[in-house]
Amino acid sequence: MNYTDNQIKKIMANYEKTKEYKRVYYNKKYHSSEEAREKQRQASKKYFEKNRDKEKERYENNKGLMKARQKYNYYKKQDRLEYYSEKYWDEWSTYKEYLMNPRKKILNKDVIVISTPPNSEEEETDVENEETDDEDSIED
């Protein structure tokens, strides 16, 4: 459907007017009313007491992910993400997978190892074995 410029201006003006009305209405009825605030506090407290175990379980299930996120934010703030990715490869790979698929649930008790780090021990042992093979052939 095509609108003229005047219709668009009228629609935008109505939208802004409605938005301002709702903001003022909320502030008068809920934000500044002590009774409404107390009612909301009671509802929040009741919900927390009812679901305390669920929240605790959710934190326990995602402990590794939360730990990885905290370290990621710390090293990001210090502008040392490369150091973080090298030192804490397991946590970095877990958090990286979470960033790629935030809606996918990562159920873990600690940390999920997704792949091996770039400088893994296996690569180092292969290099050492190649060097010893070369030394053996020289001695013969």
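Scroll up for the structure.
Residues numbered from 1 in each chain as written. Predicted model: local features only at pLDDT ≥ 70, side-chain atom pairs only at ≥ 80, totals over all residues. Heavy atoms only, no water.

Draft legend 1. Broad picture of the overall build of the chain. Per the secondary structure count, the chain includes seven helices and zero strands. Listed by position from the N terminus, the elements making up the chain come as α-α-α-α-α-α-α. Looking at the chain residue by residue over its 140 residues, the buried ones come to 14%. Taking as baseline every contact in the chain between residues at least 6 positions apart, the subset at least 24 positions apart corresponds to 39%. Here the chain has roughly 12800 Å² of accessible surface; of this, 50% comes from carbon and sulfur atoms. (Helix = DSSP H or I, 4+ residues; strand = E, 2+ residues; numbered from the N terminus. Buried < 20%, exposed > 50% of the residue type's maximum accessible area, 1.4 Å probe, protein only. Contact = heavy atoms within 4.5 Å. Areas by Shrake-Rupley, 256 points an atom, 1.4 Å probe, with all protein chains shown as cover.)

Draft legend 2. Representation of unusual backbone geometry. Unlike most non-glycine residues, D79 shows phi in positive territory, near 60°. Position of D79 relative to the elements: it lies in the loop between helix 4 (63-77) and helix 5 (81-87). A relative accessible area of 68% places D79 in the exposed class.

Draft legend 3. Seen up close, the layout of surface pockets. Volume-wise, the second largest pocket comes out at about 200 Å³. The wall of the second largest pocket is formed by Y26, Y30, S33, E35, A36, R37, K39 and Q40. Here the lining of the second largest pocket gets five residues from one element, more than from any other, and that element is helix 2 (residues 34-50). Partitioning the lining of the second largest pocket into residue classes produces three nonpolar, two polar and three charged. (1 Å grid on protein atoms, 1.4 Å probe; cavity = no way out; pocket = protein on both sides within 12 Å on 5 of 7 lines; lining within 4 Å. Points joined across faces, edges and corners; volume = space filled by probe spheres on them. Nonpolar A, V, L, I, M, F, W, Y, C, P; charged D, E, K, R; others polar.)

Draft legend 4. Spotlight on the nonpolar core. If you look at the biggest cluster of nonpolar residues, it comprises eight residues: L65, A68, Y72, Y75, Y84, W89, W92 and Y95. Of all the secondary-structure elements, those providing two or more residues to this core are helix 4 and helix 6 (89-100). A total of four residues in this core trace back to one element, the largest contributor, which is helix 4. (Core = buried A, V, L, I, M, F, W, Y, C linked by side-chain atoms within 4.5 Å.)

Draft legend 5. Inspection of the pattern of salt bridges at higher detail. Evaluated as defined, the whole model comprises six salt bridges. The partner of R58 in a salt bridge is E55, with the nearest N and O atoms 3.0 Å apart. Here E55 and R58 lie together in helix 3 (residues 52-61), a separation of three residues that amounts to about one turn. Judged by its relative accessible area of 39%, R58 is partly exposed. (Salt bridge = Lys/Arg side-chain N within 4 Å of Asp/Glu carboxyl O.)

Draft legend 6. Layout of helix 6. The end-to-end C-alpha separation of helix 6 is 16 Å, in line with the 16 Å expected for twelve residues at 1.5 Å each. Among the residues making up helix 6, those that are buried are W89, E91, W92, S93, T94 and Y95. (Expected span 1.5 Å × (residues − 1).)

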